[in-house]
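These are the residues of each chain, in order.
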Amino acid sequence: MKKQLTYAVLFCSILIVSCSSIKTAIYDQYSYQQEISLKIETKALLEHATEDYATYQGQIVKVLLEMDKMEEYEKNKPDNTISYQMWHLMTDSDKNSVAGLFKRWKGKGQLTEVFAEEASKQVMEAFDALIKYEVSKDKDKENILLEIIKTY
Amino acid sequence: MDFEVLLKELRKNLLIALGDRYSEYNNQSKKDIDAFLNASKVKLKRWTILSSEGQLTESDLEWLVKSQKELLVLEALCQAGVSKIALGYLKNRIIKIVVETVKVAVLA
């Protein structure tokens, strides 16, 4: 019996140590709300992408600043590398995502209707991936809670 | 543009990005990758048609194709993250089962 117990404790210890490499930040309501809010604000701005960039510059700068703040917020959360990497890609103006599209709009002055429509869909999908991942963290929390409820 | 070659390349890169670490979830990942690639195929065809009609410039087309590559990276990150969460949950369950089994054995 003592031997069995020792093996079990040893097994659990190894498992717990190996778990440190797969730790993931828990679901964050603030992140989720900000992701939805920034997606809607970006969509609203991109509906005007066929017009002069200068007209919307103030609002665009504000959205980009909010996105930069979110990147920093996610960067400083423990065990949150994936969310941070996703935000980093979307805020990098040299990548063809959210900040990259605003940069192109700025460079061109105004975008054509067809391109603006297609590019806007791409950017919305990027936000969707981010939101999907945040929601998946909630499933994890839900599963753990269900386990606790079942046990007690 | 050869769609099949491009899609094969995209699939290969996505699987490499996901890696063997999450092999337990490969079936689900593969389903998601296929869904993503099918969506990519539809987009690439539409963009090529729009480009041939002169509605998209060469530079527009290039921007959009690159944006699809960025989406691929986001999808790979998301898949890896979801697998990581599921793997963490599985390990929590294993620990719980071991602890419960030992508890029963000790009390018996």
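Not measured: the values here are computed from a predicted model. (Residues numbered from 1 in each chain as written. Chains lettered and ligands numbered in written order. Predicted model: local features only at pLDDT ≥ 70, side-chain atom pairs only at ≥ 80, totals over all residues.)

> I'm lost on the overall build of chain B in this one. Help?
Each helix and strand in chain B was counted, giving 3 helices and 0 strands. In chain B, buried positions account for 24% of the 108 residues. Counting contacts in chain B only where the partners sit at least 6 residues apart, residues at least 24 apart contribute 75% of the total. (Helix = DSSP H or I, 4+ residues; strand = E, 2+ residues; numbered from the N terminus. Buried ≥ 20, exposed ≤ 12 C-beta atoms within 10 Å, placed from the backbone. Contact = placed C-beta atoms within 7 Å.)

> So what exactly am I meant to see when it comes to the overall build of chain A here?
Helix and strand content of chain A: 6 helices and 0 strands. Of all 152 residues assigned to chain A, the portion counted as buried reaches 28%. Across chain A, every contact between residues at least 6 apart in sequence was considered, and the portion connecting residues at least 24 apart equals 68%.

> Teacher, can you tell me more about helix 5 (residues 98-108) of chain A here?
Each α-helix turn comprises 3.6 residues. Residues three or four places apart therefore point the same way. Taken as a whole, helix 5 of chain A has its buried residues at A:Val98, A:Ala99, A:Gly100, A:Leu101, A:Phe102, A:Arg104 and A:Trp105. A:Gly109 sits one or two residues past helix 5 of chain A and shows a positive phi near 90 degrees.

> Would you take a moment to explain helix 4 (residues 81-91) of chain A for this structure?
Within the sequence span of helix 4 of chain A, burial applies to A:Ile82, A:Ser83, A:Met86, A:Trp87, A:Leu89 and A:Met90. Relative to the axis of helix 4 of chain A, the buried residues are bounded by an arc of 160 degrees and lie together on one face. (Arc of directions from axis to C-beta.)

> Could you clarify how one ought to interpret the confidence of the model for chain A in this entry?
Detailed reading of the predicted coordinates is not advisable wherever pLDDT is low. Residues of chain A with pLDDT of at least 70 account for 76%, and the chain-wide mean is 86. By mean pLDDT, helix 1 (residues 2-19) of chain A is the weakest element of chain A at 57, and helix 5 of chain A is the strongest at 98. (pLDDT = per-residue confidence, 0-100.)

> Teacher, can you tell me more about the packing of helix 3 (residues 53-75) of chain A against helix 4 of chain A here?
Residue and element names in this part refer to chain A. Relative orientation of the contacting elements helix 3 and helix 4 amounts to 160 degrees, with a least axis distance of 8 Å. Our classification of the angle between helix 3 and helix 4 gives roughly antiparallel. Where helix 3 crosses over helix 4, the two elements pack in a sense that is left-handed. Every residue of helix 4 that contacts helix 3 at Met67, Asp68, Met70, Glu71, Glu74 and Lys75 is listed here: Ser83, Tyr84, Trp87, His88, Met90 and Thr91. (Axes fitted to C-alpha atoms, helices over the stretch in contact; angles between N-to-C directions. Parallel < 35°, antiparallel > 145°, perpendicular 65-115°, else oblique. Left-handed = near helix turned anticlockwise from the far one by under 90°.)

> In this structure, what is going on with unusual backbone geometry? I would like to understand it.
As a rule of thumb, non-glycine residues mostly have phi less than zero, and peptide bonds are mostly trans rather than cis. Of note, A:Asp79 is a non-glycine position whose phi angle comes to about 55 degrees, a positive value. As for its placement among the helices and strands, A:Asp79 is situated in the loop between helix 3 and helix 4.

> Please clarify how the packing of helix 3 of chain A against helix 5 of chain A should be interpreted in this entry.
The angle between the axes and the distance between the axes are what describe a pair of packed helices. Residues and elements named next belong to chain A. Taken N-terminus to C-terminus, the directions of helix 3 and helix 5 make an angle of 160 degrees; their axes are 11 Å apart at the nearest point. Between helix 3 and helix 5, the angle falls in the class roughly antiparallel. For the element pair helix 3 and helix 5, the recorded crossing hand is left-handed. Along the contact surface, helix 3 presents Tyr53, Ile60, Leu64 and Met67, while helix 5 presents Val98, Ala99, Phe102, Trp105 and Lys106.

> Can you help me understand the nonpolar core in this one?
Where a protein is soluble and globular, its nonpolar side chains tend to be buried together. Counting residues in hydrophobic clusters, the biggest one holds 36 residues, and the most contacted among them are A:Met86, A:Met90, A:Val98, A:Ala126 and B:Leu74. Counting residues per element, the ones that place at least two in this core are helix 3, helix 4, helix 5 and helix 6 (113-151) of chain A together with helix 3 (58-107) of chain B. Those residues in contact with A:Met90 that lie beyond four places of it in its chain are A:Met67, A:Ser97, A:Val98, A:Ala99 and A:Ala126. (Core = buried A, V, L, I, M, F, W, Y, C linked by C-beta atoms within 7 Å.)

> It is not clear to me how the environment of A:Asp68 should be interpreted in this structure. Could you clarify?
Residues and elements named next belong to chain A. Here Asp68 is to be found in helix 3. When the 13 C-beta atoms within 10 Å are taken as the criterion, Asp68 is described as partly exposed. For the pair Asp68 and Tyr133, spaced 65 residues apart in sequence, the C-alpha to C-alpha distance is 19 Å.

> Would you mind showing me how to read the confidence of the model for chain B here?
Residues and elements named next belong to chain B. Looking at chain B as a whole, the pLDDT averages 73, with 51% of positions reaching at least 70. By mean pLDDT, the top-scoring element of chain B is helix 2 (residues 26-52) (79), and the lowest-scoring one is helix 1 (residues 3-18) (67). For this predicted complex, the interface confidence comes out at an ipTM of 0.79, alongside a pTM of 0.75.

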